[in-house]
Amino acid sequence: MAPTEGERPQERLRQSLKGAGLAALLMAALSFPILAFRTEQDFDNRLALASRWPTVAAFVAAAFVLRFAFLLLAGRKRRALTTRAPSERRAKVLAAAWTWAGALGLAALLAFPVAVTALLGPAGALKWIDNFGVQILLYVLLGWGLNIVVGLAGLLDLGYVAFYAVGAYAYALLSAHFGLSFWLCLPIAGLLAAGFGAALGLPVLRLRGDYLAIVTMAFGEIIRLVLVNWTALTNGDAGIGSFPRLTFFGWPFVPGPHGASALLGLKFAPVHRLIFLFYLILAIALVVNFLTLRLRKAPLGRAFEALREDEIAAKALGVDTVAVKLAAFSLGASIAGVAGALFAARQNFVSPTSFTFMESATILALVVLGGAGSQLGVALAAVAIIGGSELLRELDALKNLFGPSFDPTQYRMLIVGLAMVAVMNWRPRGLVSLRTPTIFLRRPKLVVGALAGEGRG
């Protein structure tokens, strides 16, 4: 337990040290044998155990320091939470700050590919635009799609990656077998995914909470198994890679006079395709964000929020919960389908290994960490989690500290888990708990986190 406010400093320090010691012991117990040992092949091609005690010591020390700091700060006198709404002047300042922050962020996004290409050259910019631009924007798009289902409608969906897979395979199969272009496949992928979303919504209309989560998780796994075993259509685990690439409105990204680079008067470089894909995903994400913000103020969006807060009360008020649930699943699934088609265009290859349950868990983590119902929070969480995971690949200097066999990317999900634990302790409503209500009694007022009700504005 955290020390109380009435304790003396010496007692608070003693309790903090005791709690930190227990946390360190627990970390040491959990680290054995997962972190303490790893298997390696010796010269005789036999498995041998290699110890990693410095890594265990580092994790134990980190657990001790973090727990000690948390308990010491928790024991101090806290400021009383106020339930009064912010003053009108402060509300205007915050609104102006958000406006300027959004404008500056959009300007930075627009300048990112050009600036990276100018600094690193076309060859050096490939990795940065792909991993830190296109990939992060894809997860922002997926997070905003799931935010409609989880954040607005309050329906816990653990199989969201299934609609992502439907969109990717729709583009791959339609373009490979019927010769359809990317621009025709993009809306078709969204519509097919929306149909699958409605198909999922029909059998789960009476389910809530944990039961809904289990069924949606099973649906995602069913889709993955179908992709693995229906080899005549999907080519199984081998995947599909022989389908047309993304074009610039019909002009392919190839060298020569018939390529998109020649059309734009540029010297051909492979990075041009990624730059165009970056701006395309950014444009689609901005449209999705605009429509979602408008949706919150529309009757359907208010029905989503009513369903999320209390389904029985929503029924009593005349809300058609069946239609509302189907609409939530279909809208969220359509965005995932579009994102899947964009993912296939980025990779030019799709396989079932890209659509596992961990992808659904990662997308759900974006919504939870960012703040359910918050568009900005989901975007910030995507930058932190996906961008931070990619940064781990660049930290080769850590091998000098933990040994040449240390691979930082192996600890990606561990860091995500620690981030979720930290956010749930310090900001249980997510990174962005400030909400603007969708309707007002007198005049618009910002709602502070203490009044948001579990992050719901």
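Residues numbered from 1 in each chain as written. Predicted model: local features only at pLDDT ≥ 70, side-chain atom pairs only at ≥ 80, totals over all residues. Heavy atoms only, no water.

## Details of a nonpolar patch on the surface
On the surface, L13, L17, F64 and V65 cluster together into a nonpolar patch covering about 320 Å² of accessible area. Among the elements of the structure, α1 (9–31) and α2 (53–74) are those that each provide at least two residues to the nonpolar patch. Among the secondary structure elements, L17 is positioned in helix α1. (Patch = residues over 30% accessible without salt bridge, like charges linked within 9 Å, V, L, I, M, F, W, Y side chains within 5 Å. Areas by Shrake-Rupley, 256 points an atom, 1.4 Å probe, with all protein chains shown as cover. Salt bridge = Lys/Arg side-chain N within 4 Å of Asp/Glu carboxyl O. Helix = DSSP H or I, 4+ residues; strand = E, 2+ residues; numbered from the N terminus.)

## Describing unusual backbone geometry
Look at N235: it is not a glycine, yet its phi comes out positive at around 65 degrees. Relative to the helices and strands, N235 resides in the loop between α7 (231–234) and β3 (247–248). The exposure class assigned to N235 is partly exposed, which follows from its relative accessible area of 43%. You will see that N348, though not glycine, has its phi angle at about 55 degrees, which is positive. (Buried < 20%, exposed > 50% of the residue type's maximum accessible area, 1.4 Å probe, protein only.)

## Re the packing of helix α9 (residues 271–297) against helix α12 (residues 321–347)
Relative to each other, α9 and α12 sit at 175 degrees, their axes nearing to 11 Å. Between α9 and α12, the angle falls in the class roughly antiparallel. Here α9 contributes R273, L277, L280, I281, I284, V288 and L295 to the contact with α12, which in turn contributes L331, I335, V338, L342, A345 and R346. (Axes fitted to C-alpha atoms, helices over the stretch in contact; angles between N-to-C directions. Parallel < 35°, antiparallel > 145°, perpendicular 65-115°, else oblique. Contact = heavy atoms within 4.5 Å.)

## Description of the pairing of strand β2 (residues 47–51)
Bridge count between strand β1 (residues 37–41) and β2: 5 bridges; the pairing is antiparallel. Counterpart to Q41 in the pairing with β2 is L47. Two successive antiparallel strands, β1 and β2, enclose a turn made up of 5 residues, where N45 displays a positive phi of approximately 65 degrees. (Pairing = 2+ DSSP bridges.)

## Digging into the pattern of salt bridges
Tallied over the entire structure, the rule returns 6 salt bridges. Two residues, K325 and E311, come together in a salt bridge whose shortest N-O distance is 3.2 Å. Taken together, the residues span a long stretch of sequence, with K325 in helix α12 and E311 in helix α11 (residues 311–316) at a distance of 14 residues. In this structure, K325 and E311 share a single accessibility class: buried.

## What to know about the confidence of the model for the protein
Predicted coordinates in regions of low pLDDT should not be interpreted in detail. Mean pLDDT over the protein stands at 82; residues scoring 70 or higher make up 86%. Taken together, the stretch residues 451–457 has pLDDT below 50 and engages in 16 contacts with residues farther than four places along the chain or on a different chain. (pLDDT = per-residue confidence, 0-100.)

## With respect to helix α14 (residues 375–392)
The α-helix winds at 3.6 residues per turn, so residues separated by three or four positions along the chain end up facing the same way. End to end, α14 covers 26 Å across 18 residues, agreeing with the expected 26 Å (1.5 Å per residue, within 8%). Among the residues of α14, Q375, G377, V378, A379, A381, A382, I385, I386, G387, S389, E390 and L392 are the ones counted as buried. Sitting at the head of α14, S374 places a side-chain oxygen 2.9 Å from the backbone nitrogen of G377. (Expected span 1.5 Å × (residues − 1). Polar contact = N/O pair within 3.5 Å; in protein donor to acceptor, adjacent residues only side chain to side chain.)

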